[in-house]
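Each chain is listed here by its residues.
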Amino acid sequence: MSDLTDLGVAAIRDGVRAGSFSACDVADAFIVNVSKAKALNAFLVETPEHAIAAATAADTARAAGETLKALAGVPIGMKDLFCTNGVVTTAASRILEGFVPPYESRVSQNLWDAGAGMLGKLNMDQFAMGSSNETSAFGNVISPWRRANGDTAPLAPGGSSGGSSSAVAARLCPAATGTDTGGSIRQPAAFTGITGIKPTYGRCSRWGTIAFASSLDQAGPMARDVRDCAILLEAMAGFDARDATSLKLDVPQWEAGLSGDLSGKRVGIPKEYRVDGMPAEIEALWQQGIDWMKDAGAEIVEISLPHTKYALPAYYIIAPAEASSNLARYDGVRYGLRDLPEGAGLQDMYAATRAEGFGDEVKRRILIGTYVLSAGFYDAYYTQAQKVRALIARDFEQAFERCDVLLTPTAPSAAFALGEKQADPIAMYLNDVFTVPSSLAGLPAMSVPGGLDKDGLPLGLQIIGRPLDEQGVLNAGLAIEQRAGFVARPGVWW
Amino acid sequence: MTEFRIQGDTGEWEVVVGLEVHAQVTSQAKLFSGAATTFGAEPNTQVSLVDAAMPGMLPVPNMECIRQAVRTGLAIGAQINRWSRFDRKNYFYADLPQGYQISQLYHPLVGEGAIDISLDEKDPDAATKRIGVERIHVEQDAGKLMHDQHPTRSYVDLNRSGVALMEIVSRPDMASPAEAGAYLRKLRAILRYVGSCDGNMEEGSMRADVNVSVRKPGDELGMRTETKNVNSVRFVMAVVEQEARRQVEVIEAGGTIAQETRLYDPDRNETRSMRSKEDAHDYRYFPDPDLLPLELEQAFLDDCLASLPELPDAKRKRYEDLGITPYNAAVLTAEVEAARWFDTLLDAGAKGPAAANWTTSELFGALNRLGKDITESPVSPTQAAELLALVADGTLSGSLAKQVFEVMLETGDAPSTIVEERGLKQTSDTGAIDAVIAQIMAANEDKVADYRGGKDKLFGFFVGQTMKAMGGKANPGVVNDLLKKALG
Amino acid sequence: MSVDTKTVKKIAGLARIAITDEQAGRVAPELDNIIHWIEMLEEVDTTGVEPMTAVIPNHLRLRDDVVTEGGIRDALMQNAPQGEHGFFTVPKVIE
Ligand SMILES: [Mg+2]
Ligand SMILES: [Zn+2]
């Protein structure tokens with residue numbers, strides 16, 4: 001039998017059901033991989049006992065002849081943004097170091113209810129702010145990928161769900177949860193040659209997920225392929241009365257609805273995504289993607305999203321504004337770090353605690369958000385940004401009158417070396433140029449691996465769908481997956 | 001209304017007052033969480049994960065709080081905004097776990113309305129005045145800090161954190177301490193009639209931020225100060241008075257009024273600047289991204305309207321239309337519990353004016369003596385109606401009714417039972433009364449002669465003697481008639 | 001608008017993040033750069049456009065007025081840096 005850690009979610013689920021192997025064997029195999037991969041720094045906390053308990057429950061249920069749950073026997077990694085009952089949750093920030101939530105996030109609870117087990121909590125960019133996983137207070141996550149030219153410079157796994165992408169790509173877990181505010185599932189998926197989907201805003205409850213920017217944050221799965229994403233998303237999604245923005249809709253059976261046949265579908269190609277300085281390889285991959293879509297039976301239509309170039313600036317007003325307020329609760333009073341200098345009063349305690357507890361990127365965004373909301377600037381920045389956001393959403397609406405899904409590159413480059421873009425925040429922000437517009441419009445979007453660049457690093461293609469049309473997105477993703485034949489994987493060096 | 005003027009060295013000054021009243025919405029659970037709102041619980045026991053602002057927690061609004069604010073708005077004839085929105089007011093303080101208060105700045109739930117006040121509700125001739133209400137919005141209360149438990153620490157109790165408040169913002173339409181007091185009393189009465197706030201000022205269910213400025217008559221509005229969290233009608237009136245006088249003094253001494261937040265110190269009867277909170281008032285308001293706009297259906301508003309009880313002004317008018325004096329009507333409608341009691345009395349068949357006289361004098365007098373609230377009255381409206389009926393049909397005289405009422409207060413028995421058991425029934429038996437009259441005339445022949453000789457005043461003497469001899473049980477009307485006949 | 005050291009100190013104060021003059025001096029040009037970049041939005045004509053309120057059409061649901069939570073003081077306080085007698089505690093506030 002091949003290595004169990006080579007199996008994805010569907011294969012593990014089906015194998016456990018069929019009795020081809022036990023859930024405990026699967027859990028053990030991944031636990032071993034996790035323990036051997038410290039060099040990647042993908043896990044902040046390892047929870048083998050949790051994974052084993054879930055696996056034992058699956059094996060026991062099978063032995064008793066019970067119908068197995070949707071994810072019985074499947075161990076996963078949990079991004080550290082999800083609060084997990086009794087397990088330290090930090091959002092990769094000092095300010096929450098040692099914080100043990102007395103509650104379970106709705107999304108993680110849904111996964112446990114479906115029978116999944118947890119291998120551990122995954123490292124990430126601090127408070128999900130970053131695109132390279134260099135903002136974690138607990139060290140960078142290293143991508144398992146290396147350039148093919150023998151260069152051993154550590155590469156960025158993307159961010160903010162970099163622990164998730166690294167762990168899935170390195171076979172430390174068959175799948176992981178991610179969260180996506182401006183591209184934090186899709187960009188790291190593209191960087192590491194895996195698949196990830198951000199559903200429509202409101203599909204996954206935000207209850208118990210540490211907030212970055214409330215109007216943008218969405219949880220989603222990161223896995224080896226489209227089917228695995230569909231399976232996981234079905235478990236993660238669902239109405240939650242405790243989240244006022246949760247959509248009161250039944251969760252579709254996305255896995256059952258999978259089809260790579262795009263006959264009768266129209267795929268839109270937004271011309272504004274052809275940005276200056278985009279590497280020729282990305283351009284070529286995009287063209288390749290267009291050809292795959294045609295091959296799958298789709299009709300290609302050129303469309304226009306005229307406000308695309310304003311998406312990033314609008315995002316860098318709205319997201320920091322929301323974050324500056326969402327992160328005000330980290331004040332050293334009820335939980336987390338407290339820094340109380342000698343003789344300090346309450347307000348000094350706040351300032352010292354937050355200066356000590358937040359990393360530089362988090363502080364930068366809090367300052368931007370505070371600035372754009374401060375007296376006299378609100379309308380010029382925030383209101384204008386929300387108007388532009390409405391225009392961006394309208395662009396998509398109009399585009400979807402002419403097509404069913406959009407195809408774009410996921411990121412403007414392949415993975416870069418750690419440290420390469422840290423000096424220039426805007427250069428870092430530009431990583432999300434293709435993912436941010438759909439986030440602003442709340443649309444479902446996914447990244448699937450399309451090929452490798454000249455250095456042997458993965459490149460991803462992004463599919464963007466209509467609101468609530470995760471099925472259309474998954475199916476287009478599947479069509480690419482079936483044609484791309486992407487089987488590259490990083491060699492184990494860690 | 002009466003002109004209130006402050007006499008300064010440079011002439012007369014007017015005072016301009018606006019009130020922002022925070023009223024706790026009557027509800028079981030908090031505005032955005034399912035924790036209880038009961039007063040006086042053990043510290044931090046009525047706190048949910050949301051109220052403590054644990055990471056990842058989200059607000060979900062309580063329908064009842066919205067409903068009560070809408071009903072309050074309808075009660076003051078205000079415009080209800082079918083589209084409103086919650087905003088975050090950002091600031092750091094230990095009683096504010098989220099680091100922001102969820103409130104409504106840009107699009108409040110309730111818009112323009114008004115409250116009519118009268119300086120003396122009991123005087124039908126007192127002038128009335130309409131005070132504009134700019135808006136009512138819904139927001140979260142903060143927690144509570146205690147400073148005197150520990151030498152170097154303040155204690156934080158989050159039980160109040162997230163309790164629903166209505167902030168009722170008046171126009172600067174009041175021009176005297178008396179008007180401010182009348183407005184607050186009237187507002188409190190309306191809230192209590194509507195049932196949207198218990199009006200309990202001692203427990204902090206209602207508190208006012210008092211905005212005061214002064215100006216020379218006819219001038220532009222002066223710079224105002226805001227005195228925070230004033231928790232009684234009397235104190236609000238004192239704040240207006242003291243603050244206006246202070247401002248006049250400052251200006252006349254060549255100073256200027258700073259727009260600032262002040263505190264009232266009841267012990268010294270003065271306001272003081274709150275220097276510890278001089279933080280540049282930059283609250284960075286923006287729409288709460290955890291919540292969607294609040295959109296109300298017409299049917300919801302219709303239900304709110306249909307659920308409104310008769311309000312103080314309407315009730316007073318109805319009482320007056322029943323022939324009740326304006327004074328009594330005002331007394332009876334001032335507190336919702338009294339009005340409710342009295343309405344039950346009317347429903348039980350009592351006649352308006354007599355019932356009003358009896359309630360305001362006999363019942364209120366007795367309750368006052370007993371130190372009891374109307375809700376604790378030992379006599380029920382049904383029993384009172386029975387008592388009044390016995391007076392109306394002549395079974396009891398006024399003085400007998402008083403005796404019966406005293407027994408009712410003590411025993412809680414029905415008046416008919418008391419009359420029966422103690423033989424307190426009034427008699428109209430002319431034979432018995434005539435016999436007594438004959439005896440009295442025989443014993444007082446000199447007075448009979450005087451009366452017949454023109455001393456009319458002696459009639460009262462014969463009435464008194466007769467009533468006394470009858471043990472107070474004779475029907476006074478019958479006694480009068482028979483005496484007139486006998487004396488000729 | 002441009003962001004200078006003084007502005008950085010002011011907004012850091014509002015955000016309750018302690019910052020030294022030296023740090024503020026370092027951050028100022030960075031923030032200034034970002035703010036200028038986002039000011040690109042000024043060129044968008046948004047006349048007659050309503051600011052977005054709900055990204056996906058949805059209605060605000062209201063809860064029933066029922067007490068469903070509370071009585072979890074120990075759980076709430078288990079992560080507190082400081083507390084006693086059932087209270088969270090902070091350095092004494094002088095009002
Ligand atoms: Mg106020
Ligand atoms: Zn208020």
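These numbers come from a predicted model, not from an experiment. (Residues numbered from 1 in each chain as written. Chains lettered and ligands numbered in written order. Predicted model: local features only at pLDDT ≥ 70, side-chain atom pairs only at ≥ 80, totals over all residues. Heavy atoms only, no water.)

A. Expanded view of the overall build of chain C. Summing up its helical and strand segments, chain C has three helices and two strands in all. Listing each helix as α and each strand as β along chain C from the N terminus yields α-α-α-β-β. Its C-alpha atoms give chain C a radius of gyration of 23 Å, clearly above 12 Å, the size a compact globule of 95 residues would have. Each principal axis of the C-alpha distribution contributes one length, and for chain C these read about 55 × 45 × 25 Å. Counting every position in chain C, which comprises 95 residues, the buried fraction comes to 44%. Carbon and sulfur atoms make up 51% of the accessible area of chain C, which totals about 5,100 Å². Positive and negative charge centroids in chain C, built from 9 and 16 side chains respectively, lie 9 Å apart. (Helix = DSSP H or I, 4+ residues; strand = E, 2+ residues; numbered from the N terminus. Rg over C-alpha atoms; globule rule 2.2 N^0.38 Å. Buried < 20%, exposed > 50% of the residue type's maximum accessible area, 1.4 Å probe, protein only. Areas by Shrake-Rupley, 256 points an atom, 1.4 Å probe, with all protein chains shown as cover. Lys, Arg positive; Asp, Glu negative; His and termini not counted. Charge placed at Lys NZ, Arg CZ, Asp CG, Glu CD.)

B. A look at the pattern of salt bridges. The full count for this structure, using the stated rule, is 62 salt bridges over all chains. In this structure, Arg5(B) engages Glu12(B) in a salt bridge whose closest nitrogen and oxygen atoms are separated by 3.6 Å. A residue is classified by how much of its surface remains accessible, and Glu12(B), at 36% relative accessible area, is partly exposed. A salt bridge links Arg268(B) to Glu270(B); the nearest nitrogen and oxygen atoms lie 3.6 Å apart. Taking the relative accessible area as the measure of exposure, Arg268(B) reaches 56% and is therefore exposed. Among the residues examined, Glu270(B) registers a relative accessible area of 30% and is labelled partly exposed. Several salt bridges share partner residues, and in doing so they unite Arg206(A), Asp243(A), Arg88(B), Asp288(B) and Asp290(B) into one network. (Salt bridge = Lys/Arg side-chain N within 4 Å of Asp/Glu carboxyl O.)

C. Quick look at the coordination of the zinc ion (ligand 2). All names here are of chain B. Every protein donor of the zinc ion (ligand 2) is accounted for by His 22 (NE2), Glu 139 (OE) and Glu 167 (OE), and the metal-donor separations fall at 2.0 to 2.1 Å. Between the two metals, the zinc ion (ligand 2) and the magnesium ion (ligand 1), the spacing is 5.0 Å. Placement of His 22 in strand β2 (residues 11-24) and of Glu 167 in strand β10 (residues 164-170) is noted, with a sequence separation of 145 residues between them. When sorted by exposure, His 22 lands in the same class as Glu 167, which is buried. (Donors = N, O, S within 2.8 Å, 3.2 Å for Na, K, Ca; no water.)

D. Spatial organisation of the interface of chain C and chain B. With 35 residues of chain C at the contact, the number on the chain B side is 54 residues. Between chain C and chain B the total buried area reaches about 4,000 Å² when both faces are included, carbon and sulfur atoms providing 58% of it. At the boundary of chain C and chain B, one finds one salt bridge. For the pair chain C and chain B, the interface holds 24 residue pairs in polar contact (both at pLDDT 80 or more). Looking at the side of chain C that touches chain B, the elements with two or more residues in it are α3 (73-77) and β2 (87-91) of chain C. Take the side of chain C that touches chain B: its biggest share by element is five residues, from β2(C). Of the residues assigned to the side of chain C that touches chain B, the class counts are 15 nonpolar, 10 polar and 10 charged. Across four bridges, strand β9 (residues 153-157) of chain B lies against β2(C) in antiparallel orientation. Opposite Arg153(B), over in β2(C), you have Pro91(C) as the bridge partner. (Contact = heavy atoms within 4.5 Å. Buried area = accessible area lost by both parts, 1.4 Å probe. Polar contact = N/O pair within 3.5 Å; in protein donor to acceptor, adjacent residues only side chain to side chain. Nonpolar A, V, L, I, M, F, W, Y, C, P; charged D, E, K, R; others polar. Pairing = 2+ DSSP bridges.)

E. Representation of the coordination of the magnesium ion (ligand 1) within the structure. On the protein side, the magnesium ion (ligand 1) has Glu20(B) (OE), Asp209(B) (OD) and Glu226(B) (OE) as donor atoms, found 2.1 to 2.8 Å from it. One chain supplies every donor for the magnesium ion (ligand 1), spaced along it as E-x188-D-x16-E.

F. Broad picture of helix α3 (residues 48-63) of chain A. Residues and elements named next belong to chain A. Its 16 residues give α3 an end-to-end C-alpha distance of 22 Å, which sits within 8% of 22 Å, the value for a rise of 1.5 Å per residue. Along α3, the residues that are buried comprise Ala 51, Ala 54, Ala 55, Ala 58, Asp 59 and Ala 61. Along the axis of α3, the buried positions cluster into a sector of 160°, meaning they face one direction only. Exposed residues pointing more than 90 degrees away from the buried face of α3 are listed as Glu 49 and Ala 63. Structurally, α3 contributes buried residues whose contacts are with α2 (23-36), β2 (75-79) and β3 (117-122). Of the residues one or two after α3, Gly 65 is the one with positive phi, at around 80°. (Expected span 1.5 Å × (residues − 1). Arc of directions from axis to C-beta.)

G. How the structure looks around the confidence of the model for chain C. The predicted model of chain C averages 95 in pLDDT, with 98% of residues at 70 or higher. Complex prediction metrics read pTM 0.93 and ipTM 0.97. (pLDDT = per-residue confidence, 0-100.)

H. Representation of the nonpolar core. Leu71(A), Leu111(A), Phe127(A), Leu172(A), Val372(A), Phe396(A) and Leu407(A) are the most contacted members of the largest nonpolar core, which has 222 residues in total. Among the elements that take part in this core, helix α12 (residues 378-399) of chain A stands out by supplying 11 residues, more than any other. (Core = buried A, V, L, I, M, F, W, Y, C linked by side-chain atoms within 4.5 Å.)

I. Structural detail: the sheet that holds strand β4 (residues 87-90) of chain B. One open sheet holds the three strands; their spatial order is β5-β4-β15 (chain B), and the pairing between them is antiparallel. Each edge of the open sheet is held by one strand with a lone partner, namely β5 (100-103) and β15 (286-287) of chain B. Both β4(B) and β5(B) contribute to a ladder of four bridges, which runs antiparallel. Bridging across to β5(B), Lys89(B) finds its partner in Gln101(B). Against the sheet, helix α9 (residues 311-326) of chain A contacts β4, β5 and β15 of chain B, and its axis sits at roughly 60° relative to β4(B). (Axes fitted to C-alpha atoms, helices over the stretch in contact; angles between N-to-C directions.)

J. Broad picture of the sheet that holds β2(C). Reading across from one edge, β8(B)-β9(B)-β2(C)-β1(C) is the order of the four strands in this open sheet, with antiparallel pairing throughout. Because the sheet does not close on itself, it has two edges, and the strands there are β8 (144-146) of chain B together with β1 (83-84) of chain C.

K. Looking closely at the packing of aromatic side chains. Tallying each qualifying case throughout the model produces 31 aromatic pairs over all chains. A ring pair is formed by Tyr273(A) and Phe434(A), whose centres lie 5.4 Å apart and whose planes are at 20°; its orientation type is stacked. Taken together, the residues span a long stretch of sequence, with Tyr273(A) in the loop between β7 (266-270) and α8 (280-295) and Phe434(A) in the loop between α13 (425-429) and α14 (436-440) at a distance of 161 residues. Each member of the pair, Tyr273(A) together with Phe434(A), is buried. With 3.8 Å between their ring centres and 10° between their planes, Tyr316(A) and Tyr429(A) make a pair best called stacked. Highlighted residues: Tyr316(A) in helix α9 and Tyr429(A) in helix α13, separated in sequence by 113 residues. For the residue pair Tyr316(A) and Tyr429(A), the accessibility class agrees, reading buried in each case. Residue placement shows Arg146(A) over the ring face of Trp493(A); its charged tip is 3.8 Å from the ring centre. Its guanidinium or amino end placed over the ring of Trp13(B), Lys216(B) lies 4.8 Å from that ring's centre, counting from NZ or CZ. (Phe/Tyr/Trp six-rings, centres within 6.5 Å; stacked < 30°, edge-to-face > 60°. Lys NZ or Arg CZ within 6 Å of the ring centre and 35° of its normal.)

L. The environment of Ala241(A), seen in detail. Along the chain, the position of Ala241(A) falls in the loop between α7 (226-236) and β7. Exposure remark for Ala241(A): the relative accessible area of 48% places this residue in the partly exposed category. The sequence separation of Ala241(A) and Ser205(A) amounts to 36 residues, and the corresponding C-alpha distance is 8.8 Å. Beyond its immediate sequence surroundings of up to four residues, Ala241(A) is in contact with Val60(B) and Arg61(C).

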